[in-house]
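Each chain, letter by letter, is given below.
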Amino acid sequence: MVDTPPPAGETLREIAARYGRTYETVRALTKRPGWPAPIGKKGGAHTYDPADVDPIATAAYRRAAPLEPDRLYTARQIAAITSISEGTIRADRAKLRTDGTPRWPAPDGTTRTGANLWYGRTVTAELKKRHSYRRAQRTTPQ
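Residues numbered from 1 in each chain as written. Predicted model: local features only at pLDDT ≥ 70, side-chain atom pairs only at ≥ 80, totals over all residues. Heavy atoms only, no water.

1. Brief notes about the nonpolar core
When a protein is soluble and globular, its nonpolar side chains tend to lie buried together.
Right, on to step 1. By size, the foremost hydrophobic cluster in this structure holds eleven residues: Leu12, Ile15, Ala16, Tyr19, Val26, Leu29, Trp35, Tyr48, Val53, Ala57 and Tyr61.
Right, on to step 2. Elements that contribute at least two residues to this core include exactly α1 (12–19), α2 (23–29) and α3 (50–60).
Right, on to step 3. For this core, the element with the highest residue contribution is α1, accounting for four residues.
Right, on to step 4. Core analysis: the next-biggest nonpolar cluster, separate from the first, contains nine residues, Ala75, Ile78, Trp118 and Val123 among them. (Core = buried A, V, L, I, M, F, W, Y, C linked by side-chain atoms within 4.5 Å. Buried < 20%, exposed > 50% of the residue type's maximum accessible area, 1.4 Å probe, protein only. Helix = DSSP H or I, 4+ residues; strand = E, 2+ residues; numbered from the N terminus.)

Put into structure tokens, the structure is as follows:
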């Protein structure tokens, strides 16, 4: 079997497609410290070595681990797994959506010390409702 040569590099659009993100989101990531220097060009776009990009992109775009549906989680545990901060959970409990429903569900229980607990299925259902902030696609005038 013949090994395929390593790719010459990926453009930001190719990186975005591989990680399931928008071009603008990946472009914003390039402003972070530690982003690698371009290794070449493909057309007019800079290319980056995937081996250099992967550690940074993986850390920035880590996917939430699945929550066990019947397990109770604290806000701290939810924050560690989903990348939603504890502060966001606290704030969203006090806010309402435009349809009048709470932005974060009431706790399913509490600990002996008073910490709120949510079932994994409750959190998963809530995360599916959360709005994805994506830049609208530009349309050209007809």
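Okay, back to it.
2. Some details on the pattern of salt bridges
Right, on to step 1. By the definition in use, this model includes seven salt bridges.
Right, on to step 2. Measuring nitrogen to oxygen at the nearest pair gives 2.9 Å for the salt bridge that ties Arg18 to Asp54. Of this pair, Arg18 sits in helix α1 while Asp54 sits in helix α3, and the two are 36 residues apart along the sequence.
Right, on to step 3. Exposure remark for Arg18: the relative accessible area of 40% places this residue in the partly exposed category. (Salt bridge = Lys/Arg side-chain N within 4 Å of Asp/Glu carboxyl O.)

3. Some remarks on the side chain of Thr122
Right, on to step 1. Among the structural elements, Thr122 can be located in helix α6 (residues 120–129).
Right, on to step 2. If we skip the residues at most four places from it in the chain, Thr122 touches Pro105 and Asp108. (Contact = heavy atoms within 4.5 Å.)

4. Structural notes on the environment of Gly120
Right, on to step 1. Residue placement: Gly120 occurs in helix α6.
Right, on to step 2. The class for Gly120 is buried, based on a relative accessible area of 0%.
Right, on to step 3. Placed 50 residues apart in sequence, Gly120 and Asp70 show a C-alpha to C-alpha distance of 6.1 Å.
Right, on to step 4. The residues contacting Gly120, other than those within four sequence positions of it, are Leu67, Glu68, Pro69, Arg71 and Tyr73.

5. Thoughts on the packing of aromatic side chains
Right, on to step 1. Here the structure, examined in full by the defined rule, presents two aromatic pairs.
Right, on to step 2. For the ring pair Trp35 and Tyr48, a centre distance of 5.5 Å and an interplane angle of 65° mean the geometry is edge-to-face. Of this pair, Trp35 sits in the loop between α2 and β1 (40–42) while Tyr48 is found in the loop between β2 (45–47) and α3, placing the two residues 13 residues apart along the sequence.
Right, on to step 3. Take Trp35: its relative accessible area is 13%, and that puts it in the buried class.
Right, on to step 4. Take Tyr48: its relative accessible area is 8%, and that puts it in the buried class.
Right, on to step 5. Look at Trp104 and Trp118: their rings are 6.2 Å apart centre to centre, the planes differ by 80°, and that puts the pair in the edge-to-face class. Within this pair, whereas Trp104 is found in the loop between α5 (86–93) and β4 (109–110), its partner Trp118 is found in strand β5 (residues 116–119), the two being separated by 14 residues in sequence. (Phe/Tyr/Trp six-rings, centres within 6.5 Å; stacked < 30°, edge-to-face > 60°.)

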